[in-house]
Amino acid sequence: MVDTTPITGSLFKTLQSRYPNTVAAFSSMPQGETALNAVMELERKWIALNSGEEIPRPFIRASSGADLPPTAPANRFDVVIAGGGLGLVAGASLARRGLRVMVFDRDRVGAAHREWNISERELASLVDWGIFSREELASTIATRYKSGVISFDSTGTGMPSCPLITDGVLDVALDAQSVLDLARGRFLEAGGTILEYRSFVHLHTAESGPVASVFELDGPDGREYYRARLAVDTMGSVSPIAMGLNDGLPFDGVCPTAGTVMEGLDADRQTGDVLVSVAPMQGERQYIWEGFPGRGNETTVYLFYYDRTGKDESSKQSLLALFEDYFTLLPTYRTVQSGARHLKPVFGYIPARHGRTGRTAARGLICLGDSAAGQSPLTFCGFGSFVRHIGRVAALLSYALEHGLLEEQHLQLISPHQANLRVAWVFSRFMQPWPGGDPASVNRMMNIFTRTLTAIGPKTTVRFLQDRYSFTEYIRIMLTTAKYFPEVFALTMRVIGLKGIQQWAGDITAFGSNEAMRAAYKLIGKRNWRRMENMVSPHLALHLKALRTTWHATR
């Protein structure tokens, strides 16, 4: 049993009858009531946004820069970053390039709200781009585990379970707070400016003339105004800027997620659970577990499910209800030892796009991280995606600022969305129950898929799970799946429908076209490609640089 302390506080008493296990667990955590209030506030925002009841209108248009709100010289920057989580890492990378950068947040800048797992390969990109040293990053690693497991329950599937063992996938557990503390120090050393406890109000944008924006913030002493040549949005999945840019939700896939960092879970310290189900569909959801060893005896455990956004889905996506299921079902996932305790919650709405939908840039504005939803809609490894691309994104943004390439058509080239991720949404649709399926449908299909990846071999499997797979590997995965399950194409039509098939065909075509350009790049060679970049116009050079650096980030 998990130890609990006496339940006190009005919020705990209000919620105790509906969510008794959640209240008992949160009341035992340090600052548990504050954390539970944050869960409620995020849920409220999400349901309002997802249902269409609340669509932010963050932009105030000005005809030119001269019509923007006035700002003091000290309040003018090359780059202003909204959001002090991963935005701080982006800020450190940009500030080290000599840019004048400011990062603000409604809370403390550099406060961790999740734990992060990543692969050694992806982590090394932060060293390769000169953001941190290898020794600095080594101090932030909580632990490593030897192998990962992807396993789905076989109850009712009519087939044996086929666990998939992985190496090099999410096998490095980072102390997220240590990473952000490191980034904060690096950012300040590079001359960056940090503003805390400032809430975003509006973004004033110039529609003509030199590109410029002014952030209107609610600060400790009232309204404040800060001017930027480039605005960067890293405010997450409920960012008002990303919502306003897309007239609502900028993505159509989501994983509501709840969990805790805890001590006392009976788990193998040398193994991480990458994707694990332990039961058929429960209610209308197929629950998936993740569990990663952390520092000492700590384990970070997540419970989540795949879903789509939209009005019909909003009532189901309650974080409070998910937390209650998490605490109730935790013993069915792993044995909870006597004296176990929950140290802090981890939660969120992890977004992804199905195909290449939604805007991630506008004039003088780019979205990064969860607000851009650039990660895979299958693995939802947002941190890994951010780390994999942040060095190249910072380099390209610096080039764009130097050459005045700040219109939407320029900045959308820099957005870290990969061509191979355009097709991944079809995989994710098989991770959520579909009409006409039985309670074991998802687990049955996933056991077929793990059998496919086992047959294909570890090299392609790791590339697939790290979002680095090629067009040829993708086709091979599809054909091997059909070999073990010939009905897969008919089932795909049933699951995603005719409109989905048409979209999928377009995504496959785009992926193939990108792969053809990548093949041409390999023939031309990196040195000759870079010579081309130096010979053409800055706009075309930015396009060539964006292609080259994306291919190298996913090589």
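## With respect to the overall build of the chain
Assigned secondary structure in the chain consists of 18 helices and 20 strands. The globule rule puts the C-alpha radius of gyration for 555 residues at 24 Å, and the 23 Å found for the chain is close to it. C-alpha atoms of the chain, sized along the principal axes, occupy 65 × 60 × 45 Å. Looking at the chain as a whole, 59% of its 555 residues are labelled buried. For the chain, the proportion of contacts with a sequence separation of at least 24, taken over those separated by at least 6, is 75%. For the chain, the exposed area adds up to about 21900 Å²; of that, 52% sits on carbon and sulfur atoms. Taking the average place of the 58 positive charges on the side chains of the chain and the average place of its 54 negative ones, the gap between the two points comes to 7 Å.

## Comments concerning the nonpolar core
Counting residues in hydrophobic clusters, the biggest one holds 53 residues, and the most contacted among them are V79, L174, L230 and I414. In terms of residues, this core owes the most to one element, helix α10 (residues 382-403), which gives 11 residues. For L230, the contacting residues outside a window of four places in its chain are D78, V79, V80, G364, L365, I366, L397, L401, L406 and L411. Membership of the second largest hydrophobic core comes to 51 residues, among which are Y145, Y306, F485 and W504.

## Focus on the packing of aromatic side chains
What the rule picks out here adds up to 27 aromatic pairs. Centre to centre, the rings of F200 and F215 are 6.2 Å apart; their planes meet at 75 degrees, and the pair counts as edge-to-face. Separated by 15 residues along the polypeptide, F200 in strand β10 (residues 199-206) and F215 in strand β11 (residues 213-219) bring together distant segments of the chain. A single burial state applies to F200 and to F215, both of which are buried. Ring geometry for F430 versus W434: centroids 5.7 Å apart, planes at 80 degrees, classification edge-to-face. The burial state of F430 is the same as that of W434; both residues are buried. Counting every residue linked through ring pairs, the aromatic cluster contains F26, W289, F323, Y326, F327, Y333 and F347. It is K545 that lies over the ring of Y399; its NZ or CZ is 5.0 Å from the centre.

## A look at the pattern of salt bridges
Scanning the model with the defined rule gives 22 salt bridges in all. The partner of D273 in a salt bridge is R334, with the nearest N and O atoms 2.7 Å apart. One end of the pair, D273, is in strand β14 (residues 271-276); the other, R334, is in the loop between α9 (319-333) and β18 (336-352), and 61 residues separate them in sequence. Between D438 and R444 there is a salt bridge; the shortest N-O distance is 3.1 Å. The exposure class of D438 is partly exposed, given its relative accessible area of 34%. For R444, a relative accessible area of 21% corresponds to the partly exposed category.

## Thoughts on the packing of helix α15 (residues 471-484) against helix α16 (residues 488-524)
For the pair α15 and α16, interaxial distance at closest approach is 11 Å and the crossing angle is 160 degrees. The angle between α15 and α16 places the two elements in the roughly antiparallel class. The handedness of the crossing between α15 and α16 is left-handed. In contact with F471, Y474, M478, T481 and A482 of α15, α16 contributes V488, F489, W504, I508, F511, G512 and E515. Taken together, the residues of the contact of α15 with α16 sort by class into nine nonpolar, two polar and one charged.

## Notes on the sheet that holds strand β4 (residues 116-118)
Strand order in the open sheet formed by three strands is β4-β8-β5, and the pairing between neighbours is antiparallel. Each having just a single partner strand, β4 and β5 (141-144) make up the two edges of the open sheet. For this sheet, the mean angle separating the axes of adjacent strands, direction not counted, is 25 degrees.

## Topic: unusual backbone geometry
The residue Q31 is not glycine, and still its phi comes out positive at about 55 degrees. Classification of Q31 as exposed rests on a relative accessible area of 68%. With a phi angle near 60 degrees, D467 is a residue other than glycine that sits in the positive phi range.

## Points about the confidence of the model for the chain
Detailed reading of the predicted coordinates is not advisable wherever pLDDT falls low. This prediction gives the chain a mean pLDDT of 90; 95% of its residues lie at or above 70. Under a pLDDT of 50 for its full length, residues 1-6 has, in the predicted model, 16 contacts with residues more than four places off or in other chains.

## Concerning a positive patch on the surface
A cluster of like positive charges, contributed by R121, K526, R530 and R555, occupies part of the molecular surface. Tracing the chain through its elements places R530 in helix α17 (residues 526-535). The partly exposed category is assigned to R530, whose relative accessible area is 39%.

## Observations regarding the environment of G98
The residue G98 is located in the loop between α4 (86-95) and β3 (101-104) in this model. Separated by 96 residues in sequence, G98 and I194 place their C-alpha atoms 16 Å apart.

## What about the pairing of β14?
Most of β14 sits inside the fold, with six of its six residues counted as buried. Here strand β6 (residues 147-151) pairs with β14 via five bridges, running parallel. Along β14, the bridge assignment pairs I150 with L275. Sheet topology places β14 next to strand β15 (residues 288-293); two bridges connect them, and they run antiparallel. By the bridge assignment for β15, V276 is matched with W289.

## A short note on the environment of A95
With respect to the element layout, A95 can be found in helix α4. On the accessibility criterion, A95 (5% relative accessible area) is buried. When the C-alpha atoms of A95 and T193 are compared, they prove to be 9.5 Å apart, with 98 residues separating the residues in sequence.

## Observations regarding the pairing of strand β16 (residues 298-304)
Among the seven residues that make up β16, six are buried, leaving the element largely enclosed by the rest of the structure. Sheet analysis places strand β13 (residues 253-265) next to β16, joined by seven bridges and oriented antiparallel. Paired with E263 across the bridge in β16 is E298. Relative to β16, β15 runs antiparallel, the two sharing six bridges. Each residue of the ladder has a partner; that of I288, found in β16, is F304. Hairpin connection from β15 to β16: four residues lie between these consecutive antiparallel strands, with G296 at a positive phi of about 60 degrees.

Cut-off values and rules
Residues numbered from 1 in each chain as written. Predicted model: local features only at pLDDT ≥ 70, side-chain atom pairs only at ≥ 80, totals over all residues. Heavy atoms only, no water. Helix = DSSP H or I, 4+ residues; strand = E, 2+ residues; numbered from the N terminus. Rg over C-alpha atoms; globule rule 2.2 N^0.38 Å. Buried < 20%, exposed > 50% of the residue type's maximum accessible area, 1.4 Å probe, protein only. Contact = heavy atoms within 4.5 Å. Areas by Shrake-Rupley, 256 points an atom, 1.4 Å probe, with all protein chains shown as cover. Lys, Arg positive; Asp, Glu negative; His and termini not counted. Charge placed at Lys NZ, Arg CZ, Asp CG, Glu CD. Core = buried A, V, L, I, M, F, W, Y, C linked by side-chain atoms within 4.5 Å. Phe/Tyr/Trp six-rings, centres within 6.5 Å; stacked < 30°, edge-to-face > 60°. Lys NZ or Arg CZ within 6 Å of the ring centre and 35° of its normal. Salt bridge = Lys/Arg side-chain N within 4 Å of Asp/Glu carboxyl O. Axes fitted to C-alpha atoms, helices over the stretch in contact; angles between N-to-C directions. Parallel < 35°, antiparallel > 145°, perpendicular 65-115°, else oblique. Left-handed = near helix turned anticlockwise from the far one by under 90°. Nonpolar A, V, L, I, M, F, W, Y, C, P; charged D, E, K, R; others polar. Pairing = 2+ DSSP bridges. pLDDT = per-residue confidence, 0-100. Patch = residues over 30% accessible without salt bridge, like charges linked within 9 Å, V, L, I, M, F, W, Y side chains within 5 Å.

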